[in-house]
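As a plain string of letters, each chain reads:
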Amino acid sequence: MKRKGNLWDKIISIENLYFASKKARKGKRFRENVSRFDYYLEQELTTLLKELKEGNYIPGKYKVFFLKEGKKRRISAAPYRDRFVHHCLMNILEPIFEKKLIYDTYANRKGKGTHKAVLKCQEFFKKYDYVLKCDIAKYFPSISHKILLDEIKKIIKCKKTIELIEKIINASNEQDNVKDLFPEDRQKRGIPIGNLTSQWFANIFLNPLDHFIKENLRCKGYVRYLDDFLIFANSKQFLIFCLKEIEHFLVKLSLKLNTRKSKILKCKEGVEFCGWTIFPYYKVLPADRVARTRIKIRNLRVSNRNRWNQSYRNLNIGFRCAQDNLCENLMGNFYLLGSARFVQKSRPTGLWDKWWEPLSTSKISESSKG
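Parameters at a glance
- Residues numbered from 1 in each chain as written.
- Predicted model: local features only at pLDDT ≥ 70, side-chain atom pairs only at ≥ 80, totals over all residues.
- Heavy atoms only, no water.
- Helix = DSSP H or I, 4+ residues; strand = E, 2+ residues; numbered from the N terminus.
- Buried < 20%, exposed > 50% of the residue type's maximum accessible area, 1.4 Å probe, protein only.
- Contact = heavy atoms within 4.5 Å.
- Patch = residues over 30% accessible without salt bridge, like charges linked within 9 Å, V, L, I, M, F, W, Y side chains within 5 Å.
- Areas by Shrake-Rupley, 256 points an atom, 1.4 Å probe, with all protein chains shown as cover.
- Salt bridge = Lys/Arg side-chain N within 4 Å of Asp/Glu carboxyl O.
- Lys, Arg positive; Asp, Glu negative; His and termini not counted.
- Charge placed at Lys NZ, Arg CZ, Asp CG, Glu CD.
- Axes fitted to C-alpha atoms, helices over the stretch in contact; angles between N-to-C directions.
- Left-handed = near helix turned anticlockwise from the far one by under 90°.
- Nonpolar A, V, L, I, M, F, W, Y, C, P; charged D, E, K, R; others polar.
- Core = buried A, V, L, I, M, F, W, Y, C linked by side-chain atoms within 4.5 Å.
- Pairing = 2+ DSSP bridges.
- Phe/Tyr/Trp six-rings, centres within 6.5 Å; stacked < 30°, edge-to-face > 60°.
- Lys NZ or Arg CZ within 6 Å of the ring centre and 35° of its normal.

> How do you make sense of the overall build of the protein when you look at a structure like this?
Broken down by element type, the protein carries 17 helices and nine strands. The proportion of buried residues among the 370 residues of the protein is 47%. Contacts in the protein between residues far apart in sequence, at least 24 positions, make up 74% of those at least 6 positions apart.

This is the structure we're talking about:
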């Protein structure tokens with residue numbers, strides 16, 4: 001396998017720094033920390049560039065909060081300055097990592113995503129009788145720093161780039177406890193959910209498993225989204241064999257399957273994947289996700305009204321339209337995946353009109369004058 005080198009000059013180039021600043025602030029321009037960084041952009045870039053060149057860059061502390069959507073997740077938000085560095089790094093590494101991944105992994109990749117993963121699953125549902133559903137137990141907290149770095153070194157040979165990656169990995173804050181899975185293990189584990197780098201590192205970490213399943217086990221029907229993956233076959237015995245082989249292979253990566261969630265199912269009975277219950281010819285949105293979506297729309301309307309009254313009176317209509325688009329996208333997702341019934345059912349009950357009443361151009365103009 002040919003490794004890539006001479007990447008450092010590309011990472012710290014002025015063009016890449018400005019491109020990274022544009023990507024990092026996308027959708028966050030009006031946040032205080034982002035606005036402050038952008039106001040002193042030239043000064044910040046000069047300082048950061050000097051630190052990177054001299055090897056003095058030190059990642060900051062993470063801000064931790066919990067997100068409960070289905071299950072409680074620990075989200076770690078890096079300081080904006082560090083997120084900027086992550087974009088600088090991934091602008092160069094993303095195309096390199098992309099070439100190493102197989103076609104059938106769908107997380108955090110351009111032209112992929114949950115929608116494409118679900119549609120691909122439906123293709124396989126029509127061809128096969130059985131599906132093996134697998135889930136890695138506590139995936140992000142279980143990722144070994146040493147094994148992750150070794151996998152990246154198989155792709156990247158640029159010394160300074162590796163040093164920066166090692167700093168980002170080692171600066172990971174404490175994640176959920178995995179001593180119940182690895183009681184006698186003392187190696188450093190866990191990368192934070194929320195980092196751009198973490199999403200790509202998580203993809204690369206399971207890349208050997210992808211190649212093992214496709215090339216060694218010869219599984220044509222295979223779809224992976226981060227730590228969840230499905231294997232399709234017409235023989236139940238073959239899937240039992242695959243399950244045993246996968247468990248044995250994961251020992252090399254120091255990971256374990258979630259035995260409660262990993263099981264073999266009949267395709268016609270449906271399977272939960274990427275937030276949907278998928279059947280061969282249709283998809284069902286789980287009731288808890290419908291309820292969470294309705295709450296999001298309600299909160300979105302209330303949040304935007306409060307913000308508008310407090311601080312957005314002097315902004316142009318373009319920013320208000322951006323908020324409208326967020327709600328439109330939310331509803332559009334359900335149309336795209338065949339959940340038109342949810343939208344049609346919601347409109348008569350006033351979900352859209354009652355909880356989302358965007359102001360007209362004339363009203364915004366009047367407000368800004370006042």
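So that's the structure; there's more coming.
> Mind showing me how you'd approach a positive patch on the surface here?
On the surface, a cluster of positive charge is made up of Lys2, Arg3, Lys4, Lys10, Lys99 and Lys157. Relative to the assigned elements, lysine 2 resides in the segment before α1 (8–11).

> I would appreciate a short explanation of the pattern of salt bridges in the present structure.
Applying the stated criterion across every chain yields a total of 11 salt bridges. For aspartate 185, the salt bridge is made with arginine 189, and the minimal N-O distance between the two is 2.8 Å.

> Teacher, can you tell me more about the packing of helix α4 (residues 41–54) against helix α5 (residues 80–100) here?
When two helices pack together, their arrangement is given by the angle between the helix axes and by the axis-to-axis distance. In contact at an axis separation of 12 Å, α4 and α5 are set at 65° when each is read in the N-to-C sense. The handedness of the crossing between α4 and α5 comes out as right-handed. Contacts from Glu44, Leu45, Thr47, Leu48 and Glu51 in α4 reach Arg81, Phe84 and Val85 in α5. Of the residues assigned to the contact of α4 with α5, the class counts are four nonpolar, one polar and three charged.

> Just to check I follow, could you spell out the nonpolar core for this structure?
Soluble globular proteins: nonpolar side chains tend toward being buried together. Counting residues in hydrophobic clusters, the biggest one holds 73 residues, and the most contacted among them are Phe97, Ile156, Ile213, Phe229 and Ile246. Looking at which element gives the most residues to this core, the answer is α5, with 10 residues. If sequence neighbours within four positions are ignored, isoleucine 246 has contacts with Leu132, Leu209, Ile213, Leu217, Phe229, Ile231 and Leu257. In terms of nonpolar packing, the next biggest core, distinct from the first, is built from 20 residues, Phe124, Leu230, Leu285 and Val290 among them.

> Please explain the sheet that holds strand β9 (residues 283–284) as it appears in this structure.
One key point about sheets: their strands pair by backbone hydrogen bonds, in either a parallel or an antiparallel sense. Spatially, the three strands line up as an open sheet ordered β7-β8-β9, and their pairing is antiparallel. Lying at the two open borders of the sheet, with one neighbouring strand each, are β7 (271–273) and β9. Examined bridge by bridge, strand β8 (residues 276–278) and β9 share two bridges and lie antiparallel to one another. What sits directly across from threonine 277, in β9, is valine 284. Relative to β8, helix α6 (residues 114–127) is tilted by about 20°, and along the sheet it contacts β7, β8 and β9.

> Is there a simple way to explain the sheet that holds strand β3 (residues 130–135) in this structure?
Pairing within the open sheet is antiparallel, and its four strands lie in the order β4-β5-β3-β6. What marks the edges here is a single partner per strand, and that holds for β4 (221–225) and β6 (263–266). Along the sheet, successive strands turn relative to each other by an average axial angle of 20°, direction set aside. In the sheet, β4 pairs with strand β5 (residues 228–233) via five bridges, with the strands oriented antiparallel. When the bridges of β5 are listed, valine 223 appears paired with leucine 230. In this fold helix α11 (residues 207–216) packs onto β4 and β5, with an angle of close to 170° to the strand it touches most, β4. Helix-sheet contacts for helix α12 (residues 236–250) involve β3, β5 and β6, and the interaxial angle to β3 is about 15°.

> Even after reading the chapter, I still don't get a nonpolar patch on the surface, so can you show me in this structure?
Judged by side-chain polarity, Tyr281, Tyr282 and Val284 come together as a nonpolar surface patch covering roughly 350 Å² of accessible area. Tracing the sequence through the fold places valine 284 in strand β9. Residue classification places valine 284 among the partly exposed positions, given a relative accessible area of 35%.

> Could you clarify how one ought to interpret the packing of aromatic side chains in this entry?
The description of two aromatic rings rests on the distance between their centres and on the angle between their planes. In the structure shown here, the tally under the stated rule is 15 aromatic pairs. Judged by centre distance (5.3 Å) and plane angle (40°), the rings of phenylalanine 124 and phenylalanine 232 are tilted. You can see phenylalanine 124 sitting in helix α6 and its partner phenylalanine 232 sitting in strand β5, a full 108 residues away along the chain. Exposure remark for phenylalanine 124: the relative accessible area of 6% places this residue in the buried category. Ring centres of phenylalanine 125 and phenylalanine 232 lie 5.4 Å apart, and the angle between their planes is 65°; on these two criteria the pair is classed as edge-to-face. On the criterion of sequence distance, the pair formed by phenylalanine 125 in helix α6 and phenylalanine 232 in strand β5 is long-range, its members being 107 residues apart. Comparing phenylalanine 125 with phenylalanine 232 shows no difference in burial state: the two are buried. Counting every residue linked through ring pairs, the aromatic cluster contains Phe124, Phe125, Tyr128 and Phe232. If you follow lysine 112 out to its NZ or CZ, it ends over the ring of tyrosine 103, 3.1 Å from the centre.

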